[in-house]
Amino acid sequence: MLAEVGLIALALAFASSVYAAVVSLIGARQHRTVWVDSARNAALLTFPLLALSSAALLIALVTEQYQIAYVWQVTNPTTPTFFRITALWGSQQGSLLFWCLLMSLFAFVALLVNWRAHHRLIPYFITYSMVTLAFFIGLVVFMENPFARYWIVPDATAADGVRVVYGVFIPANATAPDPVRLAETARGLNPLLRHFGMIIHPPMLYLGFVGFLIPFAFAMAALASGDLSTGWIRAARRWTLVAWLFLSLGLLLGGRWAYDVLGWGGYWGWDPVENAAFIPWLVGTAFLHSVMIQEKRGMLKVWNMVLIIFTFSAVIFGTFATRSGLVDSVHSFAQSAIGTPMFLFWAGVTLISTALIVRRRQQGALQSEQAFAGLLSRESLFVLNNVVFIALALAIFWGSFGAPIVSELFLNTDITLGPDYFNTVTVPLFLVMYVLMGVAPLSAWGAVSGRSLGRAMIVPGAAALAGVALCYLLGVRGAGALFGFGIVIFAGAVAVFEIARGAAARQRAMHENPLLATVRIFTRNRRRYGGFIIHLGITIIGIGVIGSTLFQQETQRTLAPGATLSFAGYEMTFNDVQTGQIADDGRVMDITRLTVSRDGQTLATIRPRHDVYPTSPDQTAIAMNIPGVYGTLENDFYVLLVGLQPDGSATFKVYVNPLINFVWWGGLVLIFGTIVAAWPHEGQQAPARLRRSAAAGPPKGHATA
Amino acid sequence: MSDLDFLQEFRPDPAASGRRRLSAGTIVLLAGILSVVVVIGIAFVRSQQGRPESGMAPDFTLTTFDGQQIRLSDLRGQVVVLNFWASWCAPCREEAPALQSIWENYRDRGVLVLGVAYADDPDDSRAFNAEFGLTYPSGPDIGTVISKDQYHITGVPETFIIDRNGEIVTFIFSTITEPQIRAILDPLLVGEAST
Amino acid sequence: MPFRGLLSLLLVFGVLIGTAIGMLAQADPTTITDDQVMDVARSLYCPVCPNEPLDTCQTEACYRWREDIRQQLAAGRTHDQIIADFVARYGERASAVPLDPTLNALSLVTPFVIAAIALALGAVVVLRWRRRQPLSVAVSSSPMPADASAYRARLEEDVRS
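All chains use their own residue numbering, which begins from 1 and follows the written sequence. As a convention, the first chain written is A and the first ligand written is 1, with the rest following in written order. Where local features are concerned, this predicted model is filtered to residues with pLDDT of at least 70; where side-chain atom pairs are given and counted, the filter is 80 or more; whole-chain, interface and lining totals use all residues. Derived side-chain values reflect all non-hydrogen atoms in the structure, with water molecules and hydrogen atoms excluded from consideration.

### Overview of the overall build of chain A
Counted only if it meets this: Elements are defined by DSSP. Helices are runs of H or I of four residues or more, strands are runs of E of two residues or more, and each kind is numbered from the N terminus. It is over C-alpha atoms that the radius of gyration is taken, and the globule rule equals 2.2 Å times the number of residues to the power 0.38. Three labels apply to residues, based on accessible area from a 1.4 Å probe with only protein chains included: buried if under 20% of the type maximum, exposed if over 50%, partly exposed otherwise in between. By definition in these notes, contact holds between two residues if any of their heavy atoms fall within 4.5 Å. A 1.4 Å probe and the Shrake-Rupley method give the accessible areas. Residues count as covered only by the protein chains that appear here.
From N to C terminus, chain A includes 21 helices and 12 strands. For 705 residues, the compact-globule estimate of 2.2 N^0.38 gives 27 Å, and the C-alpha radius of gyration of chain A, at 28 Å, lies within 12% of that figure. Each of the three principal axes of chain A carries a C-alpha extent, and together these read 85 × 75 × 60 Å. Split into buried and exposed, the 705 residues of chain A put 58% on the buried side. Restricting to contacts in chain A with at least 6 residues of sequence separation, those with at least 24 account for 69%. Carbon and sulfur atoms make up 65% of the accessible area of chain A, which amounts to about 27900 Å² in all.

### Structural notes on the overall build of chain B
Tallying secondary structure elements over chain B gives five helices and seven strands in all. When the elements of chain B are put in sequence order from the N terminus, they spell out α-β-β-β-α-β-α-β-α-β-β-α. By residue count, 46% of the 195 residues in chain B fall in the buried class. Relative to all contacts within chain B whose residues are 6 or more apart in sequence, the contacts with residues 24 or more apart total 72%. Total accessible area computed for chain B in this model is approximately 9500 Å², and 54% of it derives from carbon and sulfur atoms.

### A closer look at the pattern of salt bridges
Quick note on the threshold: Throughout this description, the term salt bridge denotes a Lys or Arg side-chain nitrogen within 4 Å of a carboxyl oxygen of Asp or Glu.
Applying the stated rule across the entire model yields 26 salt bridges over all chains. The partner of B:Arg93 in a salt bridge is B:Glu131, with the nearest N and O atoms 2.5 Å apart. Remark: B:Glu131 occurs in helix α3 (residues 122–132) and B:Arg93 occurs in helix α2 (residues 90–106); sequence separation between them is 38 residues. Members of the salt-bridge network, linked through shared partners, are A:Glu554, A:Lys653, C:Asp39, C:Arg42 and C:Asp55.

### What about the sheet that holds strand β11 (residues 635–644) of chain A?
Our working definition: We call two strands paired when DSSP finds no fewer than two bridges between them. Axis definition: a line fitted to C-alpha atoms, limited for helices to the stretch in contact. Angles are taken between N-to-C directions and run from 0 to 180 degrees.
Read across the open sheet, the four strands follow the order β3-β12-β11-β10 (chain A); overall the sheet is antiparallel. Strands with a single pairing partner mark the edges of an open sheet, and in this sheet they are β3 (553–559) and β10 (628–631) of chain A. Pairs of neighbouring strands in the sheet enclose a mean axial angle of 15°, with direction left out of account. Helix-sheet contacts for helix α2 (residues 34–41) of chain C involve β3 and β12 (650–658) of chain A, and the interaxial angle to β3(A) is about 135°.

### Some points on the domain arrangement of chain A
Put simply, the rule reads: Per the annotation, domain bounds derive from an automatic or database assignment of domains.
Looking at chain A, the domain boundaries give domain 1 (149–185), domain 2 (457–548 + 669–678) and domain 3 (553–658). Here the C-alpha centre of domain 3 of chain A lies 46 Å away from the C-alpha centre of domain 1 of chain A.

### Focus on the nonpolar core
If you look at soluble globular proteins, the nonpolar side chains tend to sit buried side by side. Residue and element names in this part refer to chain A. As a reminder of what qualifies: Buried Ala, Val, Leu, Ile, Met, Phe, Trp, Tyr and Cys residues form a nonpolar core when they are joined through side-chain atoms within 4.5 Å.
Core analysis: the largest hydrophobic core is formed by 213 residues, its most contacted members being Phe136, Trp232 and Leu326. Among the elements that line this core, the one with the most residues is helix α14 (residues 378–410), at 18 residues. When near neighbours in sequence (up to four residues on either side) are disregarded, phenylalanine 136 contacts Leu96, Trp99, Cys100, Met103, Ile316, Thr319, Met342 and Phe345.

### Focus on a nonpolar patch on the surface
Put simply, the test is: What makes a patch is a set of residues exposed beyond 30% relative accessible area and free of salt bridges, joined within 9 Å when like-charged and within 5 Å when nonpolar (Val, Leu, Ile, Met, Phe, Trp, Tyr).
Residues A:Leu351, B:Leu34, B:Val38 and B:Ile42 make up a contiguous nonpolar surface patch of about 310 Å² in total accessible area. In terms of residues, the nonpolar patch owes the most to one element, helix α1 (residues 24–48) of chain B, which gives three residues. Note that B:Leu34 resides in helix α1. On the accessibility criterion, B:Leu34 (46% relative accessible area) is partly exposed.

### Some thoughts on the pairing of β10(A)
Alternating positions in β10(A) separate cleanly, A:Gly628 and A:Tyr630 being buried on one face and A:Val629 and A:Gly631 remaining unburied on the opposite face. Hairpin connection from β10(A) to β11(A): three residues lie between these consecutive antiparallel strands.

### Examining the environment of A:His195
Residues and elements named next belong to chain A. With respect to the element layout, histidine 195 can be found in the loop between α7 (179–185) and α8 (201–211). A C-alpha to C-alpha distance of 8.1 Å links histidine 195 and tryptophan 257, two positions 62 residues apart in sequence. Apart from the residues within four sequence positions on either side, histidine 195 is in contact with Phe82, Phe83, Trp257, Asp260 and Val261.

### Some remarks on the packing of aromatic side chains
Where two aromatic rings form a pair, the distance of their centres and the angle of their planes describe that pair. Residues and elements named next belong to chain A. The criterion, for reference: Two rings from Phe, Tyr or Trp (for Trp, the six-membered ring) form a pair when their centres sit within 6.5 Å of each other. Planes less than 30 degrees apart are called stacked, planes more than 60 degrees apart edge-to-face, and all others tilted.
Here the structure, examined in full by the defined rule, presents 53 aromatic pairs over all chains. Note on phenylalanine 135 and phenylalanine 345: the rings are 4.1 Å apart at their centroids and 5° apart in plane angle, and the pair reads as stacked. Highlighted residues: phenylalanine 135 in helix α6 (residues 122–142) and phenylalanine 345 in helix α13 (residues 339–362), separated in sequence by 210 residues. In this structure phenylalanine 345 comes out as buried when scored by relative accessible area, which is 13%. Between tyrosine 638 and tyrosine 655, the ring centres sit 5.7 Å apart and the planes meet at 75°, which makes this aromatic pair edge-to-face. In this pair, tyrosine 638 is assigned in strand β11 and tyrosine 655 in strand β12, connecting sequence segments 17 residues apart.

### Describing the side chain of A:Asn661
Residue and element names in this part refer to chain A. Condition: Here a polar contact is recorded for every N or O atom pair within 3.5 Å, except that within protein the pair must consist of a potential hydrogen donor and a potential acceptor, and residues adjacent in sequence are included only if both atoms are side-chain atoms.
Note on placement: asparagine 661 falls in helix α20 (residues 660–678). Owing to a relative accessible area of 14%, asparagine 661 belongs among the buried residues under this scheme. For asparagine 661, the side chain forms a polar contact with the side chain of aspartate 636, separated by 2.9 Å. The contacts of asparagine 661, once residues within four sequence positions are left out, are Gly631, Thr632, Leu633, Asn635 and Asp636.

### A few points about the confidence of the model for chain A
Interpretation of this model should avoid reading the predicted coordinates in detail wherever pLDDT is low. All names here are of chain A. Put simply, the rule reads: A score from 0 to 100, pLDDT tells how confident the predictor is in each residue.
On average, residues of chain A score 87 in pLDDT, and 94% of them reach the 70 mark or higher. Confidence over residues 683–691 falls short of pLDDT 50; this stretch has five contacts with residues more than four positions distant or in other chains. Within the model, the stretch residues 693–705 combines pLDDT values under 50 with 17 contacts to residues more than four positions away or in other chains.

### Digging into the state of the cysteines
Residue and element names in this part refer to chain C. This is how the line gets drawn: Cysteine sulfur atoms that come within 2.5 Å of each other are treated as a disulfide pair.
All told, the structure shown has two disulfides over all chains when counted by the stated rule. Each sulfur in the disulfide pair cysteine 57 and cysteine 62 lies 2.1 Å from the other. Residues cysteine 57 and cysteine 62 share a disulfide whose torsion about the S-S bond is about 75°; that sign makes it right-handed. According to the relative accessible area criterion, cysteine 62 is buried, its value standing at 0%.

### Digging into the pairing of strand β5 (residues 570–582) of chain A
Both faces of the sheet carry side chains from a regular strand, because those side chains alternate between them. Residue and element names in this part refer to chain A. Note: strand β4 (residues 564–567) against β5, four bridges, orientation antiparallel. Among the inter-strand pairings, threonine 564 is bridged to a residue of β5, identified as threonine 573. Linking β4 back to β5 in an antiparallel pair, the connection comprises two residues, with alanine 568 at a positive phi of about 50°. Sheet topology places β5 next to strand β6 (residues 588–598); 10 bridges connect them, and they run antiparallel. Within β6, the position partnered with methionine 572 by the bridge is valine 596. Taking the residues between adjacent antiparallel strands as the criterion, β5 and β6 are bridged by five residues, where glycine 586 takes a positive phi near 90°.

### Here we look at unusual backbone geometry
Even without being a glycine, A:Trp270 presents a positive backbone phi close to 55°. Mapped onto the elements, A:Trp270 comes out in the loop between α10 (231–262) and α11 (272–297). One non-glycine residue, B:His152, adopts positive backbone phi at about 50°. Positionally, B:His152 belongs in the loop between α4 (145–150) and β6 (158–162).

Here it is in structure tokens:
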């Protein structure tokens, strides 16, 4: 019953999206409002249908319907309810359905919210977004269907006269397999995914990815309809910020999960799939900045188009690379037949959008304003910002995909590029990024003299020097580290300085108290000041990254029970180990108990452990090392149980990660800043608009008639 | 759609289009994007190539632990049991006696058991061979070329049975047993001259 | 003459003693600490796992390889020699950065070339902006401003208020 409901809802969603795509295209070309309205309704309908389908799968998971193959693959009777729910996105088919659900949700909201303000763009917006949605729903319906079930069919050639078959439709003469037998043999979720992070990391990441569909569809709608004014930019910008917010969250959570659970003492491995998620973030950041240039001065129109298309192309490429097994990765799904259609879709999207831009450009659209900008103006610095982010994106793409693929195809050698490569290549670019983050807000639109810029840099520069001195006093000695800290602190100081300056100006003008003035500048200009909080968050993350990367210490020692290990100023005593502890889900745990102290003072008891998950006899057991961590703002004392020796002693791997908690706190600040920047402000439209158009002067940026 | 919208619609200037040639920058951009797509496409197609389960067995030259050089194509006329293994692989330990037994019973009937050690330390491999008394030719796959690049194995043990003409007859994904191999070999050896 | 003969005899002795000391310097494997092994393993990748560094990989095979590194360190080999040995045995993918000079250049130099090209393009754009006349005014006139819908909305707003 559930499978039927899910299947029918899925099929209807597919039909609805195809209808919406086709009808909106016709309506757009023939300027028929009725058709566009109908398409819009069909597009809106996809969300409830997909929600119904997902709900069916969710209920099947929670109520243990093992006949449905997906349920059998990702759960078993010992799975707790929490992980039954997260199993919805635990494997290929379910996660694709979930992806479609989120995509239709975004389209749903966009069609409701942006309907009137951008009704010129809506028809083609529906076309492009529904074509993409139809493609992904098509993948689910025809290739990776989560509602396929197991059937028993009579088979004369088989041993006991029957054969187990797997399929969406009921074969002839089929019966349902015995539920008890199914339950006994059910596989269960990969233990690596049985963590709290599972409930939130994939959804956030998917929201980030599919979120970029909306600005992309608006951009394509602008190209297709010919309405190339800044209308599409306004629609696209806030959606990009929303997608960027979720993508940032997804990346941070992924790092935190890896740190907490995967047991290698780090939070970012430069794995190809991680990088595939990072690249859209980088290009999206470039877009968020460069879009301001088009809004303020009407320049870089073609480039902004290219950027948003590049971002979406990176998203599709990322999901293609992950799901098709293009590169080896710990994140990869099992190899599947959807690789070919996904490649074709990616190639199609990239090539067709590029061709459209070129065509419009040839026809004379997307002409830039012939505006002047000085060498140190904000426009020029934003161009440099774009250069840095694009260089980063391309360098990371080269390291994860380009070099290994080229080397394998043309030089017949398999290579791996690891942290050594990425650190060498990205660190200089990140440093330039931080410098720009500091200098650009101090600059001005149009032109600015070197002298005034230099004057503006004095106070933040002094703060940076003070910060460096503080680091030196706290024991940091390396020149590289001090330099890095200096640059990062400079960028953060500028953000704080600008907020203080804005609040002070408002305080003088409006005679408000400082606190109210600060709050008011945020509410009056969310973009700008939210942006400064985001920069501050990036600064804090930067401090954490420098500390935990340059100053990480690690050691591996074997300790007998009762023995103490001295490392990095800490003492760690191995108290005892409890082997063979059985948890609710059947895993066997070896839990060690360690006391951590410093200068004689006991700080905490930590329990690193080794878990072995039960699997069927013919599969290798899955083991996980869960660290025991004592964390402070200064550092994390992070211990892994590597192995137990026959003589009762245990081998431990100990990491001391300085400043690592700055990474997570910085992440929180970043998220907060993004929410502030993206918060919609109604009721502010009229005054802002009048002020802007008064300052704009003669009309500009019109299309040639 | 409102009535004033026609004013906003971009109409390409008929005189303008066709006059502009593609700028150098645009050509470079297009060429760049196209080459990336093509290269990824080729790489993708290659990554989809599974292990050879039929057809001609990819040829290779293996230097055994005893220093002997064996080339697969020189073994035409013999049936080859090509076994990928490693000393760190537990199932390989289970099937080693079966492979040795096959070798002892079938070597005079024109069957060669050939072991290829995948990503294994040569000292560990030799110790493994000594432990199980394996006397069939076996050698290290230097650089994992034979196992990964030619036979696309995904793990060990994996066994390929190659007939007298050099074609792959069967591929066995997991641990082999002696009766299983005998059942495959016997039909292939029908028609040999009795010794 | 006898002096020179004595000198060469001393030289031979010196070489023999040096070799003996060198051989004695081959340490007992148990004296090689885990940290020394990890130091080498960190620059290597597990040859059979997907993208997993050798120092964190937990499989039996990786454990064996780390023990192999310990043996090689005890035999007096250097960090680079061990890495070269691993690459020779398991291919370039075992090393975190390719050893082969062509591959090394291909991997490491290309991103800097890309960054340089991007910088050059950015510089072209910025310089082009700088060369324009400041405070330019858009010359052409049109019957209606570009953003007609915003204009209309404002009109309606003004009429309403």
